[in-house]
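An overview of the molecular structure
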Amino acid sequence: MARTTRRSTTHLSRRLVQLYAGLALYGASSALLVRAELGLEPWGVLHQGLAELTGISIGVVSIIVGAVVLLLWIPLRQRPGLGTVSNVFVVGLAMDGTLAVVGELDGYGLRVPALVLGIVLNGVATGLYIAARFGPGPRDGLMTGLNRVTGRSIRLVRTAIEVAVVATGFALGGSLGVGTVVYALAIGPLAQLFLRVFALPEPTAPAVTAAPGITAAPGEPSTPAPPVGSGPVAAPAPGQAILPQ
């Protein structure tokens, strides 16, 4: 029993490490896309446009937008998890922190590698974060909530949201470019790859011992106990990566 408890605690600890490492890396990778100045991911375009309009740092804008989107979960009856709430704050703070360390880049010799590195690290971050199974990001929760309420497909809902986000961000001064296109084409396959790399096995659960005087029927398997620390978070459907936005 003690050994099983230790395994479950280790499993939960690893999930927490993956969660916060993934969120921090996601913010850092988004900052690299900003420094590359070759186009941002859809929500990044909106964040940058709002940052240009308000004079607030892009990381703080990301936090504010995430909090507003999270409020939209209420009428959609979505239930946030630890990962959802953490996403709102950690990504924005990591983004501003990275921008403070990495200055502006001169020339394509630096900006193109920064773009490629940012996209790849974004895929790594997505795999780490989703595989931890602590709930979707606020923006993806908005997508799945609208899917459930409207009955429209995930693909249609996501496309509509991101087109609206990109158009609004671009109108406010956000950056669109080749990086936006490359990101859109590459992030799905990268996320799927790193989801497999960072997938966590479920901890082994002990068999339930029959009470004294009660004998299990021949050939009837014992009922395993649910894993400790595992939340009621469904894994993404095969081939569909839910991004931690």
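Only a predicted model underlies this, so the values are computations on that prediction, with no experimental measurement involved.

1. Some thoughts on the overall build of the protein chain
Counting its secondary structure elements, the protein chain contains 9 helices and 0 strands. The order of α-helices and β-strands along the protein chain, N terminus first, is α-α-α-α-α-α-α-α-α. Expressed as a percentage of the 245 residues in the protein chain, the buried residues total 43%.

2. Side note on the confidence of the model for the protein chain
The predicted coordinates ought not to be read in detail in places where the model reports low pLDDT. On average, residues of the protein chain score 84 in pLDDT, and 81% of them reach the 70 mark or higher. Counted against residues more than four places away or in other chains, residues 207-242, with its pLDDT under 50, gives 35 contacts.

3. Examining the packing of helix 3 (residues 58-71) against helix 7 (residues 138-150)
Viewed as axis vectors pointing N to C, helix 3 and helix 7 meet at an angle of 30°, and their least axial separation amounts to 8 Å. Viewed along their axes, helix 3 and helix 7 adopt a mutual orientation that is roughly parallel. At the point where helix 3 passes helix 7, the crossing takes the left-handed sense. Contacts between helix 3 and helix 7 involve Ser-62, Val-65, Gly-66, Val-69 and Leu-70 from the first element and Pro-138, Arg-139 and Leu-142 from the second. Residues belonging to the contact of helix 3 with helix 7 are distributed by class as follows: 5 nonpolar, 2 polar and 1 charged.

4. Considerations on helix 6 (residues 108-131)
With 24 residues, helix 6 extends 34 Å between its outermost C-alpha atoms, agreeing within 8% with the 34 Å of an ideal straight helix rising 1.5 Å per residue. Directly beyond the C-terminal end of helix 6, a positive phi value near 60° is found at Arg-133.

5. What about a nonpolar patch on the surface?
A contiguous nonpolar surface patch, about 290 Å² in accessible area, is contributed by Ile-56, Val-60, Ile-64 and Val-68. You can see Ile-64 is positioned in helix 3.

Rules used throughout
Residues numbered from 1 in each chain as written. Predicted model: local features only at pLDDT ≥ 70, side-chain atom pairs only at ≥ 80, totals over all residues. Heavy atoms only, no water. Helix = DSSP H or I, 4+ residues; strand = E, 2+ residues; numbered from the N terminus. Buried < 20%, exposed > 50% of the residue type's maximum accessible area, 1.4 Å probe, protein only. pLDDT = per-residue confidence, 0-100. Contact = heavy atoms within 4.5 Å. Axes fitted to C-alpha atoms, helices over the stretch in contact; angles between N-to-C directions. Parallel < 35°, antiparallel > 145°, perpendicular 65-115°, else oblique. Left-handed = near helix turned anticlockwise from the far one by under 90°. Nonpolar A, V, L, I, M, F, W, Y, C, P; charged D, E, K, R; others polar. Expected span 1.5 Å × (residues − 1). Patch = residues over 30% accessible without salt bridge, like charges linked within 9 Å, V, L, I, M, F, W, Y side chains within 5 Å. Areas by Shrake-Rupley, 256 points an atom, 1.4 Å probe, with all protein chains shown as cover. Salt bridge = Lys/Arg side-chain N within 4 Å of Asp/Glu carboxyl O.

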